[in-house]
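Structural characterization, general
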Amino acid sequence: MRLQHLNLLLTLARTGSMRAAAQVLNVSQPALTKSLRQLEEEVGAELVVRTPKGVRLAQAGEILAARAAVVMREIEKAHEDLAWHLRGAEAQVTLGVSPAAAILLAPGAVARYGARWPQVRLRVRDTLYPQALERIRSGELDMALGPLPEAGGGGDLAVQPLFESQSVIVARASHPLARARRLSELAEAAWVLTGPAQGPGDPRALYADEAQARALHLQLECESFSTLLALMPQLDLIGIMPQGFLDRYGPALDLVRLDLADPLPKTVIYVTHRADAPLTVPARRLLDALLGEAARLAGVIAARDEILLLDEGIGAVDAEFLKKAQSRLQSLVERSGILVFASHSNEFLARLCKTAMWIDHGTIRMTGGIEEVVGAYEGPDAARHVREVLEETARG
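We now turn to the structure provided with this report. (Residues numbered from 1 in each chain as written. Predicted model: local features only at pLDDT ≥ 70, side-chain atom pairs only at ≥ 80, totals over all residues. Heavy atoms only, no water.)

Some details on the pairing of strand β5 (residues 143-146)
Burial along β5 is two-sided: the residues M143 and L145 and A144 and G146 are all buried. Where strand β3 (residues 91-97) meets β5, three bridges bridge the pair, whose relative direction is parallel. Counterpart to V97 in the pairing with β5 is L145. (Buried < 20%, exposed > 50% of the residue type's maximum accessible area, 1.4 Å probe, protein only. Helix = DSSP H or I, 4+ residues; strand = E, 2+ residues; numbered from the N terminus. Pairing = 2+ DSSP bridges.)

Examining unusual backbone geometry
Located in the positive-phi region is N26, a residue other than glycine, with phi close to 60 degrees. Here N26 shows up in the loop between α2 (18-25) and α3 (29-43). Classification of N26 as exposed rests on a relative accessible area of 71%. Of note in this structure, D254 is not a glycine but carries a positive phi near 60 degrees. Following the sequence through the fold, D254 ends up in the loop between α10 (243-253) and β10 (255-257).

Some remarks on the packing of helix α1 (residues 3-15) against α3
Two numbers describe how α1 lies on α3: the axes approach to 10 Å, and their chain directions differ by 110 degrees. The pairing of α1 with α3 is recorded here as roughly perpendicular in orientation. Touching H5, L8, L9 and L12 of α1 are L32, S35, L36, Q38, L39 and E42, all from α3. (Axes fitted to C-alpha atoms, helices over the stretch in contact; angles between N-to-C directions. Parallel < 35°, antiparallel > 145°, perpendicular 65-115°, else oblique. Contact = heavy atoms within 4.5 Å.)

Thoughts on the packing of aromatic side chains
Following the criterion strictly, the structure yields two aromatic pairs and no others. Ring geometry for F245 against Y249: centres 5.0 Å apart, planes inclined by 55 degrees, an arrangement best described as tilted. Residue F245 and its partner Y249 are located together in helix α10, separated by four residues, close to a single helical turn. Judged by its relative accessible area of 7%, F245 falls in the buried class. Seen from their ring centres, W358 and Y377 are 5.1 Å apart, and the 70 degrees between their planes marks the pair as edge-to-face. One end of the pair, W358, is in strand β14 (residues 355-360); the other, Y377, is in helix α14 (residues 370-378), with 19 residues separating them in the sequence. Directly above the ring of W117 sits R116, whose terminal nitrogen or CZ lies 4.1 Å from the centroid. (Phe/Tyr/Trp six-rings, centres within 6.5 Å; stacked < 30°, edge-to-face > 60°. Lys NZ or Arg CZ within 6 Å of the ring centre and 35° of its normal.)

Quick word on the pattern of salt bridges
Applying the stated criterion to the full structure yields eleven salt bridges. Across the pair R137 and D156 runs a salt bridge, and its minimum N-O distance is 2.6 Å. Residue R137 is found in helix α7 (residues 131-138), and its partner D156 is found in the loop between β5 and β6 (157-172); the two are separated by 19 residues along the sequence. A relative accessible area of 24% means that R137 is categorised as partly exposed. A salt bridge links R204 to D202; its shortest N-O distance comes to 2.9 Å. Using a relative accessible area of 27% as the deciding quantity, one classes R204 as partly exposed. One network of salt bridges, in which partners are shared, links E134, R137 and D156. (Salt bridge = Lys/Arg side-chain N within 4 Å of Asp/Glu carboxyl O.)

Focus on the nonpolar core
Counting 25 residues, the largest nonpolar core has M143, L145 and L290 as the members making the most contacts within it. Those elements that provide at least two residues to this core are β3, α5 (99-104), α6 (106-116), β5, β6, β11 (266-274) and α11 (281-305). Looking at which element gives the most residues to this core, the answer is α11, with seven residues. (Core = buried A, V, L, I, M, F, W, Y, C linked by side-chain atoms within 4.5 Å.)

Some points on the environment of A376
Note on placement: A376 falls in helix α14. Classification of A376 by relative accessible area gives partly exposed; the value is 41%. Remark: the alpha-carbon pair of A376 and W358, spanning 18 residues in sequence, is separated by 9.0 Å. Excluding residues within four positions of it along the chain, A376 makes contact with W358 and M366.

Points about a nonpolar patch on the surface
A cluster of nonpolar residues, M357, I359 and I364, forms a patch on the protein surface that exposes about 300 Å² of accessible area. Along the chain, M357 turns up in strand β14. (Patch = residues over 30% accessible without salt bridge, like charges linked within 9 Å, V, L, I, M, F, W, Y side chains within 5 Å. Areas by Shrake-Rupley, 256 points an atom, 1.4 Å probe, with all protein chains shown as cover.)

Let's talk about α6
Owing to its 3.6 residues per turn, the α-helix brings residues three or four apart onto one side. By the burial criterion, the buried members of α6 are A106, A109 and Y113. For α6, the angular spread of the buried residues around the axis is 75 degrees, confining them to a single face. Set apart from the buried face of α6 by more than 90 degrees, the exposed residues are A111 and A115. (Arc of directions from axis to C-beta.)

Observations regarding the side chain of H175
Of note, H175 is situated in the loop between β6 and β7 (190-194). By relative accessible area, which is 8% here, H175 ends up buried. In this structure the side chain of H175 is engaged in a polar contact, spanning 3.5 Å, whose partner is the backbone oxygen of D236. Here H175 is in contact with D236, L237 and I238, once residues within four sequence places are set aside. (Polar contact = N/O pair within 3.5 Å; in protein donor to acceptor, adjacent residues only side chain to side chain.)

So this is what it looks like as structure tokens:
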């Protein structure tokens, strides 16, 4: 089986015409017909079906064309690798990215890669699985960043986990359910499905009860997050998106995260490429940049999400200690990002915390601002004192 035979088949698939294919390949139509007959005799099957409108691939032709496309792309990549190695010629790498990867990982990795390898043309494509996996297999993509289906990528693909992306429930700020606190309150809502069914953007995956999941009202389906961002500010819909995506675009579009008590899933973002074909040198360098950026991102997330726990016993010490300890504790809080402080010291709560939770024998009685919760717990005098401390803190 010759390469020109494979190229002939792919050209016929692309043009749908014997005459047009002959022109593209710069051969006569009889010569093309003869080559096609030789290929069909070699494989022992009809590859092309002639119709009044031209030609189309038979089933056997489609099977062979899929393999032929991979072969031809691998040969092109071999030429690129050699030109890169021998002459320092320009090369190209095609990367598919999911929304979460596009926001969190791609910018830093692409910037460093471009600075280090300016002679490489990097092509970035929006992709969602399972299409991303098929485009990797066909050779359209050198690699892709994104989640994987539960069954995984398959033995023909190499996958490496990069980071976790937190999913959040989102609606426009004026949505009647914007203050919902439980998933059960959203059972009758109109939902939007983003991406493939059973993917990270499918709300049915949030409900353990299959009957309840099937009963959800999926009013809208979006293939892309750009479409989702265009529609959600205008409609009373509930949807799922990556936290990083909401942080980036939500405020300008008046989209808000629903502060639900139910735990929401995290999606693992992988880098995926073919296991049965070597990456080109430029693609390997891009993979190194992505892995480096993922390590950096993991460190940032770990630092940001670190939680500082303080025992309520600290509230029993004298005021002088509180004054001396405040700057030190404030520094720890700022570095940790999250402080959980159990205390009966209203002054210290007011100086260090923004949100209070009144817990009574393991039951959450109230959650809200410091002044509001302290007032409900101890009365108006305590709330007045907290307000004075807050004002003093604000003045510096």
